[in-house]
Amino acid sequence: TPGTAWAVALQNSLAYVADEMGGLQIYNVFDPYSIVPLGLYEVTNRALYVAVNGSIAYVADWSGVRVVDISNPALPVPGLLVSLPDNAEHIALNGSYAYVSAGDVGGIRILDISSPAQPTVVGFYDTPGTAHRLVIRDNRAYVADGDKGLRILSLANPINPTLIGFYDTPGEAWDVSLQGNYA
């Protein structure tokens, strides 16, 4: 990629790459020995993450979350920008909602994506640290919260998460993944 690849979302035979200053890069990866560049959406503020749902890509950058119509991957069309109080770092899609980790000030922002091209902020959870990454499983969000460790939130009410547990990690928690019952 021309920039720094921070994240990849796969859908069918296409790879959507959040490529920092290189924007959203779209590649046909059907043949891994002959990857074909298809499209590009240029950003002005560092594409850090991408989540794809059908014909819509949600791109996290330092301005917030940008909606990009990818129905024609060769010609991605930028849409609405959902501004956030801090840079968007990560997006986890869960049903009609997108959960966005938004750094120091933003915590976790919840977007209603039931109208995919017109997401709206419907809730938030203010984490005590710096929300970097999150994973959602079984109505829970697991949040890597910087110097405040791992936060586990209940999403029983998806627009009003509540803290149900935490672990104070040694050092900073930058990322989280789940394997079985372990985070």
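Everything numeric here is computed off the predicted structure, so don't read it as measured data. (Residues numbered from 1 in each chain as written. Predicted model: local features only at pLDDT ≥ 70, side-chain atom pairs only at ≥ 80, totals over all residues. Heavy atoms only, no water.)

S.K.: Before we go on, may I ask you to explain the packing of aromatic side chains in this structure?
M.R.: Here the distance between the centres and the angle between the planes together describe a pair of aromatic rings. For the coordinates displayed, the defined rule picks out one aromatic pair. Arranged with centres 6.4 Å apart and planes meeting at 50°, the rings of Tyr97 and Tyr99 form a pair that is tilted. Residue Tyr97 is classed as partly exposed on the basis of its relative accessible area, which comes to 21%. (Phe/Tyr/Trp six-rings, centres within 6.5 Å; stacked < 30°, edge-to-face > 60°. Buried < 20%, exposed > 50% of the residue type's maximum accessible area, 1.4 Å probe, protein only.)

S.K.: Hey, could you run me through the sheet that holds strand β12 (residues 120-125) in this one?
M.R.: Hydrogen bonds between backbone groups are what pair the strands of a sheet, and the pairing can be parallel or antiparallel. Judged by pairing direction, the sheet is antiparallel, and its four strands sit side by side in the order β9-β10-β11-β12 without closing on themselves. Edge positions in the open sheet fall to β9 (90-94) and β12, since each of these has one partner strand only. Neighbouring strand axes in the sheet, compared pairwise and without regard to direction, differ in orientation by 25° on average. (Pairing = 2+ DSSP bridges. Helix = DSSP H or I, 4+ residues; strand = E, 2+ residues; numbered from the N terminus. Axes fitted to C-alpha atoms, helices over the stretch in contact; angles between N-to-C directions.)

S.K.: So what exactly am I meant to see when it comes to the sheet that holds strand β2 (residues 14-18) here?
M.R.: The four strands are arranged β1-β2-β3-β4 in an open sheet whose pairing can be described as antiparallel. What marks the edges here is a single partner per strand, and that holds for β1 (7-11) and β4 (36-41). Recorded for the sheet is a direction-independent mean angle of 20° between the axes of neighbouring strands. Where β1 and β2 come together, five bridges link them in antiparallel fashion. Paired with Val8 across the strands is Val17, a residue of β2.

S.K.: What should I look at first to understand the nonpolar core in this one?
M.R.: Soluble globular proteins tend to pack their nonpolar side chains together in the buried interior. Judged by nonpolar contacts, the single largest core of 32 residues is most densely connected at Tyr16, Leu24, Val50, Val65 and Ile91. Of all the secondary-structure elements, those providing two or more residues to this core are β1, β2, β3 (24-28), β5 (49-53), β6 (56-61), β7 (64-69) and β10 (97-101). It is β6 that contributes the most residues to this core, five residues altogether. Among all residues touching Val50, those that are not within four sequence positions of it are Ala7, Ala9, Tyr16, Val17, Ala18, Leu24, Ala57, Tyr58 and Val59. If you look at the next biggest cluster of nonpolar residues, it comprises twelve residues, including Tyr99, Ile110, Ala131 and Leu134. (Core = buried A, V, L, I, M, F, W, Y, C linked by side-chain atoms within 4.5 Å. Contact = heavy atoms within 4.5 Å.)

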